[in-house]
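Listed here are the chains, written in short residue letters.
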Amino acid sequence: MAAYLCPPAVIHGENSVRTSQIVDEVRSRHPHAAWAPRIDGIAASTGIETRGWMLPLEAAVAPGSGSGLPAAGVGAAREALAGDGFTEQDVDRVIAALEAIPAPQTVQERTAPAWEAVQSYGERAARGALQIAGLDAADVDCLITSHSTTPALPGLDVSLANRLPLRSDVMLLPATQWACIAGTRSLALAADLVAADPDRVVLVVIAEALSTTYQPADDTLESLIVRLLFADTAVAAVVTGRPRPESMLRLDAAWNHTLPGTQDLHRLETREDGTHFVMDRRGPRAVQETVTAMWEWLRLRYEDDPASWHPDVLLAHPGGTRVLEYMEQTMPDGWPSGLLDYSRDSYTTGNRGGAAVFDIMRRAYDAGQKPGSRAVLYAAAPGLTATALEGEWL
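Residues numbered from 1 in each chain as written. Predicted model: local features only at pLDDT ≥ 70, side-chain atom pairs only at ≥ 80, totals over all residues. Heavy atoms only, no water.

The name recorded for the chain in an unreviewed UniProt entry is Type III polyketide synthase, from Streptomyces gilvifuscus.

Right, here's the structure in full:
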């Protein structure tokens, strides 16, 4: 496989949103929700005190430009009220009251500004990654992108091809539905591409505005958790088929795994007021199954040297602390403690979705890793599907 990865560029959302702000906003909007008395404990259990968003919290909770009148409009409302025996004065009062009720934001109102931010942040990350790698936009032969929370056509690939700009013959590979797995699966794909042509330069860019899933009107416990978890981030990195002075990690092998019959456990739904992330409580247990399968892949890969081999760092995005705990509990005996420290550190400022593994990797790089250290990268995503890579620090 032998693909070489340069250090990633990581651009965090620049609008700091505190957990206490989210709790106050949700409590004022849903004071009678079944979980309202427990909201402080639920928020504290995430371990997240603040996260960065591309847009401020006020943008997510602002009312839409429309009113509470039905889509049929004023005329139809007047006709219906008059038909029910309301006097003209009563009709006027009802219409005025309905017009004063703010409507939720539409899909366009929620998505359009976020999409602009995703493109801007993605460009900054891409330029940062090229600078880190000592390359120019003209050196890029292939661009892989992902941005599952802001659907657009053309997507981030075409946007960046124009913004950077890239050569007209660059291969564009958008993967807008990879979600949380974008970090590992994009690297696995990039490794395959440079294996086919070692002179190829692949640029990977992932920009996620997960804050677009913040839906103020939702009063389910799952929606509360989604509001508390997600952060916005753009990341990028260069992958080459030959080592460069800037290369930090050699990728040696990749593994993919999909659990049948689990496609409904976690999913994005587009509704009238925007994108909703739907969580199922069975999800963590299903993710744990992919972790067990990954351990088996590593066991077979190193079955000739099981006693002496172990990763020195595990860069994992399983989506939450429960699965991180499970990963620690199920690691083979004799593996050192602290392998997931960088994953836990990243999670304290929010779940970054597809950008998470690059953020975790950057934290490990900044902390300093000894040449020859073995690394395993892992992520799971709605599907449920998982990808892992194994390699060596340079």
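Still more to cover.
Could you give me a rundown of the overall build of the chain, with the residues and numbers involved?
For the chain, the helix and strand inventory stands at 13 helices and 14 strands. On C-alpha atoms alone, the chain measures out to a radius of gyration of 23 Å, which is about the 21 Å that the 2.2 N^0.38 rule sets for 394 residues. Residues counted as buried form 54% of the 394 residues belonging to the chain. Counting only contacts in the chain whose residues sit at least 6 apart along the sequence, the fraction spanning at least 24 positions is 81%. Summing over all exposed atoms, the chain offers an accessible surface of approximately 17000 Å²; the carbon and sulfur share of this is 51%. Of the side-chain charges in the chain, 32 are positive and 50 negative, and the distance between the mean point of each set is 3 Å. (Helix = DSSP H or I, 4+ residues; strand = E, 2+ residues; numbered from the N terminus. Rg over C-alpha atoms; globule rule 2.2 N^0.38 Å. Buried < 20%, exposed > 50% of the residue type's maximum accessible area, 1.4 Å probe, protein only. Contact = heavy atoms within 4.5 Å. Areas by Shrake-Rupley, 256 points an atom, 1.4 Å probe, with all protein chains shown as cover. Lys, Arg positive; Asp, Glu negative; His and termini not counted. Charge placed at Lys NZ, Arg CZ, Asp CG, Glu CD.)

Describe the environment of P336, listing the residues and the values that go with them.
Along the chain, P336 turns up in the loop between α11 (321–330) and α12 (341–347). For the pair formed by P336 and G73, sequence separation is 263 residues and the distance between their alpha carbons is 65 Å. For P336, the residues in contact, after removing those within four places along its chain, are H310 and P311.

So, the environment of A137: which residues are in play, and what are the values?
Note that A137 resides in the loop between α6 (107–133) and β5 (142–146). Among the residues examined, A137 registers a relative accessible area of 16% and is labelled buried. In this structure, A137 is in contact with L130, L164, P165 and L166, ignoring residues within four places of it in sequence.

Can you break down the packing of helix α1 (residues 19–29) against helix α9 (residues 221–229) residue by residue, with the values?
At their nearest, the axes of α1 and α9 sit 10 Å apart, and the two run at 150° to each other. Relative to α9, α1 is oriented roughly antiparallel. In this structure, the crossing between α1 and α9 has a hand that is right-handed. In contact with T19, I22, V23 and V26 of α1, α9 contributes L224, R227 and L228. Across the contact of α1 with α9, the residue classes tally to five nonpolar, one polar and one charged. (Axes fitted to C-alpha atoms, helices over the stretch in contact; angles between N-to-C directions. Parallel < 35°, antiparallel > 145°, perpendicular 65-115°, else oblique. Left-handed = near helix turned anticlockwise from the far one by under 90°. Nonpolar A, V, L, I, M, F, W, Y, C, P; charged D, E, K, R; others polar.)

Help me get a handle on α11, residues and values and all.
Among all positions of α11, only V323, L324, Y326 and M327 are buried. Considered in projection along α11, the buried side chains sweep an arc of 160° and stay on one side of the axis. Residues of α11 that are exposed and point more than 90 degrees away from the buried face comprise R322 and Q329. (Arc of directions from axis to C-beta.)

Before we move on, could you go through the UniProt feature "domain: Chalcone/stilbene synthase N-terminal" (unreviewed entry) in the chain and cite the residues and values that matter?
Following the UniProt record, one finds the feature "domain: Chalcone/stilbene synthase N-terminal" (unreviewed entry) at residues 105–242. Its end C-alpha atoms 49 Å apart, residues 105–242 is made of 43% helix and 20% strand. (UniProt positions renumbered as here; feature names shortened; annotations may be inferred.)

Give a detailed account of the pattern of salt bridges, specifying residues and quantitative values.
The final tally for this structure, using the stated rule, is 23 salt bridges. A salt bridge links R27 to D24, with the nearest nitrogen and oxygen atoms 3.8 Å apart. With R27 and D24 both in helix α1, this residue pair falls three residues apart, about one helical turn. Here R27 falls in the partly exposed class, since its relative accessible area comes to 32%. Among the residues examined, D24 registers a relative accessible area of 48% and is labelled partly exposed. For E246, the salt bridge is made with R244, and the minimal N-O distance between the two is 3.4 Å. Residue classification places E246 among the partly exposed positions, given a relative accessible area of 26%. (Salt bridge = Lys/Arg side-chain N within 4 Å of Asp/Glu carboxyl O.)

For the nonpolar core, give the residues involved together with the corresponding values.
Within the largest apolar cluster, 39 residues are counted, with the highest numbers of intra-cluster contacts made by L187, V202, L249, M361, L377 and W393. At seven residues, helix α8 (residues 182–196) tops the list of elements feeding residues into this core. Among residues more than four places away in sequence, those in contact with L377 are T184, L187, L249, L315, V357, M361, T387, A388 and L389. Counting residues in hydrophobic clusters, the runner-up holds 32 residues, among them C6, L160, A161 and A236. (Core = buried A, V, L, I, M, F, W, Y, C linked by side-chain atoms within 4.5 Å.)

Any details on the packing of helix α4 (residues 74–83) against helix α5 (residues 88–100)? Residues and values, ideally.
Between α4 and α5, whose axes approach to 10 Å, the crossing angle comes to 140°. Taken together, the axis directions place α4 and α5 in an arrangement best described as oblique. The element α4 and its partner α5 pack so that their crossing is right-handed. Of the residues in α5, those touching α4 at V74, A77, R78, L81 and A82 are V91, D92, V94, I95 and E99. When grouped by side-chain class, the residues that make up the contact of α4 with α5 number seven nonpolar, no polar and three charged.

Outline the packing of aromatic side chains, supporting the account with residue identities and numerical values.
The tally for this structure, following the rule as stated, stands at five aromatic pairs. Residues W53 and Y214 carry aromatic rings whose centres are separated by 5.6 Å and whose planes lie at 75° to one another, so their mutual orientation is edge-to-face. With W53 in strand β4 (residues 50–53) and Y214 in the loop between β7 (201–209) and α9, this residue pair connects regions lying 161 residues apart in the sequence. Residue W53 shares its accessibility class with Y214, and that shared class is buried. Judged by centre distance (6.0 Å) and plane angle (75°), the ring pair of W309 and W335 falls under edge-to-face. Pair noted here: W309 is in the loop between α10 (283–301) and β12 (313–317) and W335 is in the loop between α11 and α12, with a separation of 26 residues, a long-range link. This pair shows no difference in class: W309 is buried, exactly as W335 is. The residue whose ring lies beneath R124 is Y121, and the NZ or CZ to ring-centre distance is 5.0 Å. Of note, R227 hangs over the ring of Y214, and the distance from its end group to the ring centre comes to 5.5 Å. (Phe/Tyr/Trp six-rings, centres within 6.5 Å; stacked < 30°, edge-to-face > 60°. Lys NZ or Arg CZ within 6 Å of the ring centre and 35° of its normal.)

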